[in-house]
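These are the residues of each chain, in order.
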Amino acid sequence: MELAERKKNILRAIVEGYIATGEAVGSKTLLQETGINVSPATIRNDMADLTQNGYLYQPHTSAGRIPTQKACRYYIDNLMPLKAPSARACDYIDNKLSLSADTPENLLRTAAELLSDYTGFAAVTTTPPVTEARVHRLHFLATGRHTAMVVLVTTTGMVRNRLFRCNFVITNEVTEVLQKILNKALSGTPLSELTKPFMQTVASAFPDLLMLTPQALVAVMEIAAQAQETEICTSGQSRLLFMPDVDIPTARGIMSFLQSKEKVSRLLFEGKSGMRFFLGTECGAPELQGCTVISARYEIAGKTAGSVALFGPARMDYAAAAGAVAYIAKATGNLLDEMIDI
């Protein structure tokens, strides 16, 4: 339903007033806040129409109005300006992320911590969906006379490594040849295809070398399986217990939901990419009925990858929270791009 301009202004003022105070907003306050040059009776009639159409709720007869979930959704989709973090906050975030950009895991962990600290809510970061991961490159390093390490870098920015042992002496020449052959054979291959039959086919194509080092193929297969597990970093869950707008059962429900990788992945990865808002029942999970979830996907090499999200109460400053999610997601993706150089 499209609203007339005056009703949009009234709805915006009520949503923003309720976000700021947590109190019902009356017609007198609306006249002061909006500057609309109409009578109080006209304002009250518009408020009554918005109430009848499901946008507002009146707690009791003499009270003002509180926005419903429908009103908040309309506000987010049509009226809300995005509030980027301040320049000072952006500098702080960039510095903290840069200092932790030694591994993708540390970077994602720090991103979750920063988002939770900035917003005061629970925050989540994830590695990309496993269905999108392919082999980007493999590195082989001799670590001893009979041991070596294989390092897998995926197209989604994950880095995994595994040690393996051989019965003969491993030289730098051997690791260089292994690296050349296997990168040629496996680069661009979906991780899900690195099965035992597939690796046996690869080995049969290079019998002179790979039949001598089957342990290398096993190690590649094992780290490919490990890299297919979506990793989730959470921060600030305990903050939910101390929020005035979140009761204990709701806080426990959100915390329980965040313990399930499957549920979190389904919520954050299904559907369209870009900035997403889930309000209460839109989350599709009983545990999140009193919750707002705001998420954004970061990009690696121009492709949509993992997710950055916050979990908070139904009443929050959506614009400021979304601005923080968007900024941290973009900064995280940029640093992952530099780190893995795809």
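Model, not experiment: these values are computed from the prediction.

Engineer: Help me understand the pairing of strand S8 (residues 276-279) in this model?
Structural biologist: Strand residues, when the strand is regular, have side chains that alternate between the two faces of the sheet. Residue alternation in S8 divides its side chains into two sets, Arg276 and Phe278 and Phe277 and Leu279, and both sets are buried. Two strands pair when backbone bridges link them, and S8 and strand S9 (residues 291-300) are joined in this way by four bridges, in the antiparallel orientation. In the sheet register, phenylalanine 278 faces S9, and the bridge partner there is valine 293.

Engineer: What should I look at first to understand the sheet that holds strand S4 (residues 135-142) in this one?
Structural biologist: Strands in a sheet are paired, the pairing made by backbone hydrogen bonds, and the direction either parallel or antiparallel. Strand order in this open sheet of three strands is S4-S5-S6, and the pairing throughout is antiparallel. The open sheet is flanked by S4 and strand S6 (159-165), the only strands paired with a single partner. Neighbour-to-neighbour, the strand axes of the sheet open up by a mean angle of 20°, direction not taken into account.

Engineer: Mind showing me how you'd approach the packing of helix H5 (residues 87-99) against helix H6 (residues 104-119) here?
Structural biologist: Two measures define how a pair of helices packs: the angle their axes make with one another and the distance between the axes. As a packed pair, H5 and H6 sit with axes 9 Å apart at the nearest point and diverge in direction by 155°. In terms of orientation, H5 lies roughly antiparallel with respect to H6. Between H5 and H6 lies a crossing whose hand is right-handed. Between H5 and H6, the residues in contact are Ala89, Tyr92, Ile93, Lys96 and Leu97 and Leu107, Thr110, Ala111, Leu114 and Tyr118, respectively. In terms of residue class, the contact of H5 with H6 is built from eight nonpolar, one polar and one charged.

Engineer: Can you help me understand the pattern of salt bridges in this one?
Structural biologist: Side-chain pairs of opposite charge can arise where the charged atoms are in close proximity. Enumeration according to the criterion identifies twelve salt bridges in this entry. Residue arginine 162 pairs with glutamate 222 through a salt bridge whose shortest N-O separation is 2.6 Å. Remark: glutamate 222 occurs in helix H10 (residues 214-227) and arginine 162 occurs in strand S6; sequence separation between them is 60 residues. For arginine 162, a relative accessible area of 25% gives the class partly exposed.

Engineer: What's the story with the packing of aromatic side chains in this structure? I'm lost.
Structural biologist: Any two aromatic rings considered together are summarised by their centre-to-centre distance and by the angle between their planes. Scanning the model with the defined rule gives three aromatic pairs in all. Pairing tyrosine 55 with tyrosine 74 gives two aromatic rings, centres 5.9 Å apart and planes at 80°, and the pair type is edge-to-face. Highlighted residues: tyrosine 55 in the loop between helix H3 (40-52) and strand S1 (56-57) and tyrosine 74 in helix H4 (residues 69-79), separated in sequence by 19 residues. With respect to burial, tyrosine 55 and tyrosine 74 carry one shared label: buried. Each ring, one from phenylalanine 257 and one from phenylalanine 311, has its centre 6.2 Å from the other, and the planes form 45°; the classification is tilted. Pair noted here: phenylalanine 257 is in helix H11 (residues 248-258) and phenylalanine 311 is in strand S10 (residues 303-313), with a separation of 54 residues, a long-range link. Comparing phenylalanine 257 with phenylalanine 311, the two get one shared label, buried.

Engineer: Explain the sheet that holds strand S7 (residues 232-235) to me, please; I cannot follow it from the model alone.
Structural biologist: Strand order in the open sheet formed by five strands is S7-S3-S10-S9-S8, with antiparallel pairing between adjacent strands. What marks the edges here is a single partner per strand, and that holds for S7 and S8. Strand-to-strand twist across the sheet, computed as the mean angle between neighbouring axes with direction ignored, equals 15°. Its contacts with the sheet put H6 on strand S3 (122-126), S7, S9 and S10, and the angle it makes with S3 is roughly 155°.

Engineer: Just checking my understanding: could you explain a nonpolar patch on the surface for this structure?
Structural biologist: On the surface, a nonpolar cluster with roughly 310 Å² of combined accessible area is contributed by Leu241, Phe242 and Ile248. Assignment of secondary structure puts isoleucine 248 in helix H11.

Engineer: How should the side chain of serine 116 be read in this particular structure?
Structural biologist: Tracing the backbone shows serine 116 in helix H6. Since its relative accessible area comes to 0%, serine 116 is described here as buried. There is a polar contact of 2.8 Å between the side chain of serine 116 and the side chain of arginine 239. For serine 116, the residues in contact, after removing those within four places along its chain, are Phe121, Ala123, Ser235, Gly236 and Arg239.

Cut-offs applied
- Residues numbered from 1 in each chain as written.
- Predicted model: local features only at pLDDT ≥ 70, side-chain atom pairs only at ≥ 80, totals over all residues.
- Heavy atoms only, no water.
- Buried < 20%, exposed > 50% of the residue type's maximum accessible area, 1.4 Å probe, protein only.
- Helix = DSSP H or I, 4+ residues; strand = E, 2+ residues; numbered from the N terminus.
- Pairing = 2+ DSSP bridges.
- Axes fitted to C-alpha atoms, helices over the stretch in contact; angles between N-to-C directions.
- Parallel < 35°, antiparallel > 145°, perpendicular 65-115°, else oblique.
- Left-handed = near helix turned anticlockwise from the far one by under 90°.
- Contact = heavy atoms within 4.5 Å.
- Nonpolar A, V, L, I, M, F, W, Y, C, P; charged D, E, K, R; others polar.
- Salt bridge = Lys/Arg side-chain N within 4 Å of Asp/Glu carboxyl O.
- Phe/Tyr/Trp six-rings, centres within 6.5 Å; stacked < 30°, edge-to-face > 60°.
- Patch = residues over 30% accessible without salt bridge, like charges linked within 9 Å, V, L, I, M, F, W, Y side chains within 5 Å.
- Areas by Shrake-Rupley, 256 points an atom, 1.4 Å probe, with all protein chains shown as cover.
- Polar contact = N/O pair within 3.5 Å; in protein donor to acceptor, adjacent residues only side chain to side chain.

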